[in-house]
Amino acid sequence: MKTKLLYCFMALLSLGIVSCEKDETSSQQRISQTASSSVVSTTALQNLDACVTTNLMAGQHYDAGDVRVYVDLEHVYIEYATSGNWYIKKTHLYSGNCNEIPVTRNGSPVPGQFPVSNAYPNGTQSVVYAFNKADLPECFCVAAHAEVYRVENNQIVQTETAWAQGERFTPRSWGMFFSVCQSDCFDIEDYYFGN
């Protein structure tokens, strides 16, 4: 009897190890399938109007700035822009298929697994990421997370996590995402001929 229990235990243990390895593999594949990005200067946004603007909510209650989406002939740009005395310390960004955002089993987002992540030890008030339009679906989701802080009299007086305002992943998690359709953001005739 003990031998049978031991075999059952070993079989369950090996099954658990294999399933964990598969979860890691699918997570790595999901990350590698997202659009590649690069940090660009805000000058890339000259002559472009934001087609989506949403608040960057710090600690659920403080409007720390905006997250904006811009589109031109070749790129989709996502800008984090803080306002007032708020500064960005770190960003975590996902932009791609809505059903591939890294989440836990209960549906809460995992910003540490978002494919775009940068730290700004001295703080910044603006970060712009550029994505190739062809690498993104026509309609896609953006989950923009940040670590922010507020300064008064040259002293950090408040630190918070922040999300671009949108639809909540789950009722219990305050993490949010929003959707964008490229065709709603860019009109080639307006680009060349104006309104």
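Before any of the text, the structure's been laid out above.
Draft legend 1. Region of interest: the side chain of Thr124. Positionally, Thr124 belongs in strand 6 (residues 116-124). Looking at Thr124, its side chain comes within polar contact range of the main-chain oxygen of Ser126, at 3.2 Å. Apart from residues lying up to four places away in sequence, Thr124 is in contact with Thr82, Tyr87 and Ile88.

Draft legend 2. Examining the environment of Asp63 more closely. Within the secondary structure layout, Asp63 lies in strand 3 (residues 62-71). Overall, Asp63 belongs to the partly exposed group, its relative accessible area being 43%. Distance in space between the C-alpha atoms of Asp63 and Trp86 is 9.3 Å, their sequence separation being 23 residues. In this view, Asp63 contacts Asn55, Leu56, Met57, Ser83 and Trp86; residues no more than four positions away in its chain are not counted.

Draft legend 3. Expanded view of the side chain of Thr170. Inspection of the secondary structure puts Thr170 in the loop between strand 10 (167-168) and strand 11 (176-181). Of the residues examined, Thr170 reaches a relative accessible area of 13% and is grouped as buried. Engagement of the side chain of Thr170 in a polar contact is seen with the backbone nitrogen of Ser173, the distance being 3.0 Å. Residues in contact with Thr170, not counting those within four places in the same chain, are Asn106, Gly107 and Ser108.

What counts, and where the lines are drawn
Residues numbered from 1 in each chain as written. Predicted model: local features only at pLDDT ≥ 70, side-chain atom pairs only at ≥ 80, totals over all residues. Heavy atoms only, no water. Helix = DSSP H or I, 4+ residues; strand = E, 2+ residues; numbered from the N terminus. Polar contact = N/O pair within 3.5 Å; in protein donor to acceptor, adjacent residues only side chain to side chain. Contact = heavy atoms within 4.5 Å. Buried < 20%, exposed > 50% of the residue type's maximum accessible area, 1.4 Å probe, protein only.

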